[in-house]
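An overview of the molecular structure
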Amino acid sequence: VQLQASGGGLVQAGGSLRLSCASSGRTFSYYAMGWFRQAPGKEREFVAAISWSGSSTRYADSVKGRFTCSRDHGKKSVYLQMNSLKPEDTAVYYCAADRDPGPRPGYTGADYDYWGQGTEVTVSS
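Thresholds applied
- Residues numbered from 1 in each chain as written.
- Predicted model: local features only at pLDDT ≥ 70, side-chain atom pairs only at ≥ 80, totals over all residues.
- Heavy atoms only, no water.
- Disulfide = S-S within 2.5 Å.
- Helix = DSSP H or I, 4+ residues; strand = E, 2+ residues; numbered from the N terminus.
- Buried < 20%, exposed > 50% of the residue type's maximum accessible area, 1.4 Å probe, protein only.
- Pairing = 2+ DSSP bridges.
- Contact = heavy atoms within 4.5 Å.
- Polar contact = N/O pair within 3.5 Å; in protein donor to acceptor, adjacent residues only side chain to side chain.
- Phe/Tyr/Trp six-rings, centres within 6.5 Å; stacked < 30°, edge-to-face > 60°.
- Lys NZ or Arg CZ within 6 Å of the ring centre and 35° of its normal.

Turning to the state of the cysteines, a few remarks are in order. Under the definition given, this model contains one disulfide. Disulfide pairing is shown between cysteine 21 and cysteine 95; the S-S distance is 2.1 Å. Residues cysteine 21 and cysteine 95 are joined through a disulfide that is right-handed, its torsion about the S-S bond being 60°. Linking cysteine 21 in strand β3 (residues 17-23) with cysteine 95 in strand β9 (residues 91-98), this pair joins segments that are 74 residues apart in sequence. Judged by relative accessible area, which is 1%, cysteine 21 ranks as buried. Of all cysteine sulfurs in the structure, the one in cysteine 21 sits closest to cysteine 69, which takes part in no disulfide; the separation is 9.5 Å. The buried category is assigned to cysteine 69, whose relative accessible area is 4%.

Take the pairing of strand β4 (residues 32-38) next. Extensive coverage of β4 is indicated by the burial of six of its seven residues. In terms of strand pairing, β4 meets β9 through seven bridges, oriented antiparallel. Across the sheet, glutamine 38 pairs through a bridge with valine 92, a residue of β9. From the end of β4 to the start of strand β5 (residues 45-50), which pair antiparallel, there are six residues, and glycine 41 there has a positive phi angle of about 75°.

Mapping phenylalanine 46 onto the fold places it in strand β5. Phenylalanine 46 sits in the buried class, given a relative accessible area of 14%. Counting along the chain gives 69 residues from phenylalanine 46 to tryptophan 115, while the straight-line C-alpha distance between them is 13 Å. Once you skip the residues sitting within four places of it in the chain, phenylalanine 46 turns out to touch Trp35, Phe36, Arg58, Tyr59, Ala60, Gly106 and Tyr107.

Take the side chain of arginine 66 next. For arginine 66, the location among the structural elements is in the loop between β6 (57-59) and β7 (67-72). A distance of 2.8 Å separates the side chain of arginine 66 from the side chain of aspartate 89, its partner in a polar contact. Non-local contacts of arginine 66, meaning those with residues more than four positions away in its chain, are made with Gln81, Met82, Asn83, Ser84, Leu85, Lys86 and Asp89.

On to the packing of aromatic side chains, then. Evaluation of the coordinates by the stated rule reveals six aromatic pairs. Geometrically, the ring pair formed by phenylalanine 36 and tyrosine 112 is edge-to-face, given 5.4 Å between the ring centres and 75° between the ring planes. Of the two residues, phenylalanine 36 is situated in strand β4 and tyrosine 112 in the loop between β9 and β10 (114-115); the sequence distance between them amounts to 76 residues. No difference in accessibility class separates phenylalanine 36 from tyrosine 112, as the two residues are buried. Ring-pair connections join several aromatic residues into one group, and the members of that group are Phe36, Phe46, Tyr107, Tyr112 and Trp115. Taking the ring centre of tyrosine 79 as reference, the NZ or CZ of arginine 18 above it sits at 4.0 Å. One Lys or Arg, arginine 44, reaches over the ring of tryptophan 115 and ends 4.1 Å from the middle of that ring.

We now examine the environment of leucine 80. Looking at the element boundaries, leucine 80 is found in strand β8 (residues 77-82). Looking at leucine 80, the relative accessible area reads 0%, which means it is buried. Spatially, the C-alpha atoms of leucine 80 and glutamate 45 are 15 Å apart, while their sequence positions differ by 35 residues. Among all residues touching leucine 80, those that are not within four sequence positions of it are Leu17, Arg18, Leu19, Trp35, Val47, Ala48, Phe67, Thr68, Cys69 and Tyr93.

As structure tokens, this is what we get:
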């Protein structure tokens, strides 16, 4: 499975970006998908995740109410809509796939088996 993240860029605080992650795998529909980010000098952290069916999502407290994770099975893609961006959202964002998900999507890196290459998001103040 290959994951290709895109959509990052430079945006002013308060602005929006939509990240996309396209999968090459034929079994995309069975994977839970997650988004993580890593800011310079910091550990990678969980951002959001969505179950294989799309019926369950979970978010880090820092992004609740601002970010929305969704998926499109036909396009084999998952999205992260990011609104009301803050400078502290600046990071490289990674999408990841969990090939053996539980009822709810995981929120740790260890839950995920495949990782994309990352897309950089910079939020200016």
